[in-house]
There are 4 protein chains.
Amino acid sequence: MIPRYARPEMTAIWTPKARYGVWLEIETLAAEAMAELDIIPKEAAIAARERGDFDVDRVDEIEREVKHDVIAFLTSVAEHVGEEARFLHKGMTSSDVLDTCLAVQLKQASDILLGGVDRVLAALEKRAIEHKMTPTIGRSHGIHAEPTTFGLKLAGFHAQMQRNRERLEVAKKEISTCAISGAVGTFANIDPRIEEMVAERLGMVAEPVSTQVIPRDRHAAFFSALGVIASTIENIATEIRHLQRTEVLEAEEFFSAGQKGSSAMPHKRNPVLTENLTGLARLVRSSVVPALENVALWHERDISHSSVERGIGPDATIHLDFALHRLAGVIENLVIYPDNMLANLNRLGGLHNSQRVLLALVEAGTSREDAYRLVQRNAMRVWDNPNRTEGDFMNYLKGDEEVSSKLSDEKIESLFDLGYHFKNVDHVFKRVFGK
Amino acid sequence: MIPRYARPEMTAIWTPKARYGVWLEIETLAAEAMAELDIIPKEAAIAARERGDFDVDRVDEIEREVKHDVIAFLTSVAEHVGEEARFLHKGMTSSDVLDTCLAVQLKQASDILLGGVDRVLAALEKRAIEHKMTPTIGRSHGIHAEPTTFGLKLAGFHAQMQRNRERLEVAKKEISTCAISGAVGTFANIDPRIEEMVAERLGMVAEPVSTQVIPRDRHAAFFSALGVIASTIENIATEIRHLQRTEVLEAEEFFSAGQKGSSAMPHKRNPVLTENLTGLARLVRSSVVPALENVALWHERDISHSSVERGIGPDATIHLDFALHRLAGVIENLVIYPDNMLANLNRLGGLHNSQRVLLALVEAGTSREDAYRLVQRNAMRVWDNPNRTEGDFMNYLKGDEEVSSKLSDEKIESLFDLGYHFKNVDHVFKRVFGK
Amino acid sequence: MIPRYARPEMTAIWTPKARYGVWLEIETLAAEAMAELDIIPKEAAIAARERGDFDVDRVDEIEREVKHDVIAFLTSVAEHVGEEARFLHKGMTSSDVLDTCLAVQLKQASDILLGGVDRVLAALEKRAIEHKMTPTIGRSHGIHAEPTTFGLKLAGFHAQMQRNRERLEVAKKEISTCAISGAVGTFANIDPRIEEMVAERLGMVAEPVSTQVIPRDRHAAFFSALGVIASTIENIATEIRHLQRTEVLEAEEFFSAGQKGSSAMPHKRNPVLTENLTGLARLVRSSVVPALENVALWHERDISHSSVERGIGPDATIHLDFALHRLAGVIENLVIYPDNMLANLNRLGGLHNSQRVLLALVEAGTSREDAYRLVQRNAMRVWDNPNRTEGDFMNYLKGDEEVSSKLSDEKIESLFDLGYHFKNVDHVFKRVFGK
Amino acid sequence: MIPRYARPEMTAIWTPKARYGVWLEIETLAAEAMAELDIIPKEAAIAARERGDFDVDRVDEIEREVKHDVIAFLTSVAEHVGEEARFLHKGMTSSDVLDTCLAVQLKQASDILLGGVDRVLAALEKRAIEHKMTPTIGRSHGIHAEPTTFGLKLAGFHAQMQRNRERLEVAKKEISTCAISGAVGTFANIDPRIEEMVAERLGMVAEPVSTQVIPRDRHAAFFSALGVIASTIENIATEIRHLQRTEVLEAEEFFSAGQKGSSAMPHKRNPVLTENLTGLARLVRSSVVPALENVALWHERDISHSSVERGIGPDATIHLDFALHRLAGVIENLVIYPDNMLANLNRLGGLHNSQRVLLALVEAGTSREDAYRLVQRNAMRVWDNPNRTEGDFMNYLKGDEEVSSKLSDEKIESLFDLGYHFKNVDHVFKRVFGK
């Protein structure tokens, strides 16, 4: 975990203290359930609830001796709870605590991530509506294609992030299961009702079949979902990086007054936040393959997944959380240059209307092949003129006899109004924002 | 795509002929929608539906010349449809056809994959019920832990595969969208109702915001789902490979009469199918990372995703499909050795009851720490005896004064009945199979 | 393997016929070695060499029956060689043939790949020398930094590709080992001298310790090297895609006369080859993870690696080979626009000299902090002027009293000559091209 | 980075203090070189060397303000060095320091990793020689194949790890380059001799072409090498995990007296160290893909690689280092059970000699096909007898008329001596250990 790419809200989930806190809650809930079912004395559950506590350093100290974290933890708890502590953990196995705890932590992480996604969604919606009708050139293959609006770009990202929200909800649900099923999941020494009671109180469901561990397909699906979200972040970041290129400069990350873009070149204003997001996306994604490799545990369980998850559990959630908020900040503060957008749009001498001309020629009776040839012929003249100006393509068309025999000058001129391209923006916005 | 790991049902989706067939259907549906909205003559739509056809070799031939696949295809179609063909594809862009086609193919592939998952589920359920109460040792870390049943193992895999079924349904829904939105997704030259009409007739929904292409987060999520399913296959395959090990031999892949296990060693009966499944799982999973890398396309689109998807589209679906059916066959025909399971279970001299003894000692008033020490002491004696027999652990316990002062011989004997471990098998089966 | 991204030279290595051909050569060389050591009759070796042959369809037919490829192959060979064929494969195991064959194929593939790398290197060198002194703006973070030359860009790619050449040589050497060591690598039934003799005749070395299989760390290292090369291809392709962007247009993929960039927009000239290379890089790289996962085979071997390698063996080498040649073609034919490079360079009003001004101020006695502030202040004025012209930065500096009190107008002007930046181009070229 | 999987020796490289220390050394060496070339006053270099220092907290404090780490660092250094500090960093750019520093750190990490590899090699060699002739069954597909020796298994791992040593040496050399080439690598404001002098003093070479950054193909190759080493660790760990399985128990991780294998089951002795190594291998490998994705930076550089490397730089080296030492410890202390190896070897009733019988039959004139059939027929009788004993296969053969008509009882008996399999162990050991 890289501290500079972490927000305290998310790192708080992954501290030893937080982890032991969840362990204690699970042990206590289990004790309460056992007491309710008259499996252990009511006093034991009350003692756990009232005096249950632990000391992180003490747990570490004991662990160094016994080389077993849960035993060390229970020993520390016993030092606070006293005699009744011996009823804790009855019939349970360490993994009942560890795996349910990881599920609780990933569930908590999901909620925080949902908050980050929501902030991104809000920022995207606000800016999309603000620039709903700001004309900008649409680019395929990095080459000018046809006009679109900046709002439409953002609406597309919103729709994508909205799908990520749903994926994250599904992933959260996938991971929200509790296992208290004993050494190989047979409930040999523990009543399955304990599991169901604890699950309910944790806002989870009981894992249908656990085998000491919760099956790792759930975690694989969870981290895959994070990987997809990270890729969307990379997608948006890449767009902004492109827009901020010197030659394009249609949008720019906010650059504060005292900021230095480069130690050597004082003139620089670099899109470092979105470049950073691109890297963070790679980092978050790197958790997907090991999570997939974790699924094929041996028999009822081996512990190879554990070291992996000690890494990717905190790292992927912390860095994704940070990335979501950094992205939201970038979007909220993005400096947008409508004038540059328009200037760029016109830079190709009107070529962005080549399809309209093609269709008009076809409508006027030209075969598609001929029309294509005619339009391409004039388009290439524009391309090849380094000193082209805005109206070049229109003028070339007017001057091309094969074209002008089909389309009047007025007709040709009518094919170059910008509004034509935006008539369905409302329709798309309604799909995305419902309004 | 590796032909030997392919079933014709799935490969049929990915032939050029099938692909062009989907293209033709999309173009025809679009034409019909346009005719309905009076955008093109009704006759054009009728001509497309009635005479619409193409020739694969001819398309290839034209493509070599024009270097554009959709233009080549449309030219070939025009050779069948005649004059009215010029109304086809009106206001559409190639990607409208290509991307919607890929969605149709992945949707078709999903349906076939669901069939494979269902066959695996049926096989797992049948064998699980058959061996619901077949005792076998549960193993954690490859070491004997406590007894479970073979049916319970299979029930766990069933629950996991059932989750994969749901993931696949979600993935199918994710991918089932249609885009007919024009060059940059603005519907500049095409009515958005066309897209909605075609989507509906294809059993899909319209992509809320496409930008010449359907956003690739959908595909990333799709291939991630396949990766998780592949990992479950690896999980089951690994279990069977373990069970077939010479020293374990609790189950065995069916080995037919004429089969040769090894060219050199005529005695061999190898779990080659499940080893093969392990490899296929790696192959299918290898599609996940490139699918994630495909998300961050430049601006409204670049075409880097295309070559990736020409590979992973067929490969991942074909190999996963094959793997599912191979796995189903392995499970259906798996030779199961209950006697060996029981013999193995007893091989550790009764140590699998160590927890029960521990709990009994605690219940009898021993502290957890002391009880642990007592049980471990006797357990290690069993471990260290190479000639141990079934009853060793029980006898050592009886002979240990610190133990026998707490537990009578009868009590100790009662801790070794196998049925104790299986009292909740019904409960778990009800969770999984609802019965 | 995707046929459209394949060159016949490389696919020829991976046909069944080629594979069986290598098998036959290995069996024949082994027979000759055995004959030389008087282990089998000389006639048997002669028969194998003279009449040794096979029939692909016949092998398939037999394999369907015996379910074992090498046995099927040997049976077909026996049908050509006759009686003496029974001395073939003596004491060998199938993997001796299969694994050595894969090594031979990967070695052959390496040689072809080296040819592709060399073609890329030659193209890079030619164009680098051609544009050694063509000024172009260097960009960090997509933002103009300081001038460089187009030749220098290409020299950097050349140095990178030269390193890939060395990596490929190492990878080829890694993979060029031969194993003929019997069922578990003990040479129980075969003399280790056979292995050494066959290895030598194949231009390989004997695998020090094989265990039925050649250890898979070699293959993992091999495919990792391909992954690095693919990433370099992506790096160069990305650069070209950037340079071809409409707003930049400093270089362009060659666009032939009859070519159509888009079915809908006749004006388009898209960098589709380099976008394709970007995708192919992802595909080739996707072989790295499964190759790494293949290393941990069980005990002396399991066969999980086999299906993986049936995929990645041909796919990664074929697509990388194709990509290298496509890339070479792109570089060879790249249309380069020095005028646009110069125009872009000047687009930021001279800001690319901000560091020089900073250093001059420091030299003139200003503190680094103050100098930074002064330069940044004037640089930001340029940034904020949408109608800036070439000389703006210089003029602002001249007009800034705090600057002009330190630097005379002549001094300031002297800081804007372009040649200053290129004085060490020779030095770098000498490092790369030795001249 | 997961603290519990870290050794202080390696983490020391990656502290802020260590990093700033390398920065200071680079700046000082550069200053000394500049002084030597009369670019800056000699006093400045002396001041840097004598008074050069920094304060980590102060750097952080300044960075929070100026948002630039190198500027913050230089400011802190200036507070120690005084006036002359303004000559530091002259003509350099931040990346000159950052990238060279990363190279220094990875070089240092390589040396520590080489130490770990050497410890593993020493342990493997010692145990290999110790068990050079300890018979154990070789297994292919998890099924008994033919006898090998435990020393031979370890020799194979030694050869593999020796290759990793060479790969690591190559990787170290790859990464040991220094870049001090200015803002876009043109040496516009710095003499290229500075770079060469600093490189030499750091024990590195000058990067032939850097473009503000050192090209990332080097880092990709470096992390790929770590990924291959991690996979070898997984390979060895997997072998040990298999050998420790309850039913196999041919070797066992050392289990100390006070250790607790399971909180619930006091009888457990689990291979938790090698399972942990399996997980750590997945973690280390997860750095490979992002390192490959880092290669295609935009133009002369973007900073997306930086956040990735802040993660994988420390994580991959620290965890791999820890894993190497954990593995060495496991091997050094591995408890090996030759008796169990022999007992397992004999468990299949002598079937491990099936190939020898096959070859003897062929030698006696039987066709290979018939011989195969005869051996397989008797082998399957052994398989199918659950109560088989050591001599079963031999006895069945003797009793099979078709066999006994070809081979005398004495001949058959002679085919079952174990020594036959080990006659070439010396040969292989000589290859690996040179003795």
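Residues numbered from 1 in each chain as written. Chains lettered and ligands numbered in written order. Predicted model: local features only at pLDDT ≥ 70, side-chain atom pairs only at ≥ 80, totals over all residues.

Trainee: How do you make sense of the interface of chain B and chain A when you look at a structure like this?
Mentor: One frequent convention defines the size of an interface as the accessible area lost when the parts assemble. Each partner contributes to the interface: chain B provides 71 residues, whereas chain A provides 71 residues. Counting residues per element, the ones that place at least two in the side of chain B that touches chain A are β1 (135-140), β2 (143-149), α7 (150-175), α9 (217-244), α11 (288-293), α14 (354-363) and α19 (425-433) of chain B. It is α9(B) that provides the largest number of residues to the side of chain B that touches chain A, a total of 13 residues. In the side of chain B that touches chain A, the residues fall into 29 nonpolar, 27 polar and 15 charged. (Contact = placed C-beta atoms within 7 Å. Helix = DSSP H or I, 4+ residues; strand = E, 2+ residues; numbered from the N terminus. Nonpolar A, V, L, I, M, F, W, Y, C, P; charged D, E, K, R; others polar.)

Trainee: Please clarify how the UniProt feature "domain: Adenylosuccinate lyase C-terminal" (unreviewed entry) in chain A should be interpreted in this entry.
Mentor: In the numbering used here, UniProt assigns the feature "domain: Adenylosuccinate lyase C-terminal" (unreviewed entry) to residues 349-433 of chain A. The span residues 349-433 of chain A is 62% helix and 0% strand, and its two end C-alpha atoms sit 34 Å from each other. (UniProt positions renumbered as here; feature names shortened; annotations may be inferred.)

Trainee: What's the story with the pairing of strand β1 (residues 135-140) of chain A in this structure? I'm lost.
Mentor: Every regular strand shows the same layout, with side chains that alternate between the two sheet faces. Residues and elements named next belong to chain A. Of all six residues in β1, five are buried, a share of seventy percent or more. As judged from the five bridges shared by β1 and strand β2 (residues 143-149), these two strands associate in the antiparallel manner. Looking at β2, one finds that Pro-135 is bridged to Thr-149. (Buried ≥ 20, exposed ≤ 12 C-beta atoms within 10 Å, placed from the backbone. Pairing = 2+ DSSP bridges.)

Trainee: Explain the relation of the copies chain C and chain A to me, please; I cannot follow it from the model alone.
Mentor: The two chain copies are related to each other by a rotation about an axis together with a translation along it. Turning chain C through 180° and shifting it by 0.0 Å along the axis lays it on chain A, with an RMSD of 0.0 Å. The superposition of one copy onto the other is thereby described by a two-fold rotation axis. It is Glu247(C) whose C-alpha, among those of chain C, lies nearest the rotation axis, at 2.9 Å. A share of 100% of interface residues in chain C that are also interface residues in chain A marks the association as one of identical surfaces. (Least-squares fit on C-alpha atoms with pLDDT ≥ 70 in both.)

Trainee: Any chance you could explain the relation of the copies chain B and chain A here in plain terms?
Mentor: Least-squares fitting of chain B to chain A yields an RMSD of 0.0 Å, with the transformation described by 0.0 Å of translation along the axis and a rotation of 180°. Most of the interface of chain B is mirrored in chain A, where 100% of its interface residues are also at the interface.

Trainee: Is there a simple way to think about the interface of chain C and chain A in this case?
Mentor: Contact with chain C, which involves 37 residues of that partner, is made by 37 residues of chain A. Among the elements of the structure, β2 (143-149), α9 (217-244), α10 (272-285), α13 (338-345), α14 (354-363) and α15 (368-383) of chain C are those that each provide at least two residues to the side of chain C that touches chain A. The element contributing the most residues to the side of chain C that touches chain A is α15(C), with five residues. Its residues assigned to classes, the side of chain C that touches chain A shows 17 nonpolar, eleven polar and nine charged.

Trainee: What's the story with the domain arrangement of chain A in this structure? I'm lost.
Mentor: Taken domain by domain, chain A consists of domain 1 (1-90), domain 2 (92-342) and domain 3 (351-415). Summarising the inter-unit geometry, the C-alpha centres of domain 1 of chain A and domain 3 of chain A are found 76 Å apart. (Domains from an automatic or database assignment.)

Trainee: Which parts of the structure should I look at to understand the environment of Asn378(B)?
Mentor: All names here are of chain B. Considering the arrangement of structural elements, one finds Asn-378 in helix α15 (residues 368-383). A sequence separation of 24 residues divides Asn-378 from Ser-354, and the C-alpha atoms of the two residues are 9.4 Å apart. Not counting the four nearest positions on each side in its chain, Asn-378 is found in contact with Phe-393, Tyr-396, Leu-397 and Asp-400.

Trainee: Mind showing me how you'd approach the environment of Trp23(D) here?
Mentor: Residues and elements named next belong to chain D. With respect to the secondary-structure elements, Trp-23 resides in helix α2 (residues 16-36). When the 24 C-beta atoms within 10 Å are taken as the criterion, Trp-23 is described as buried. Between the alpha carbons of Trp-23 and Ile-180 there is a distance of 12 Å; along the sequence they are 157 residues apart. Apart from the residues lying within four places of it in its own chain, the contact partners of Trp-23 are Phe-73, Val-97 and Cys-101.

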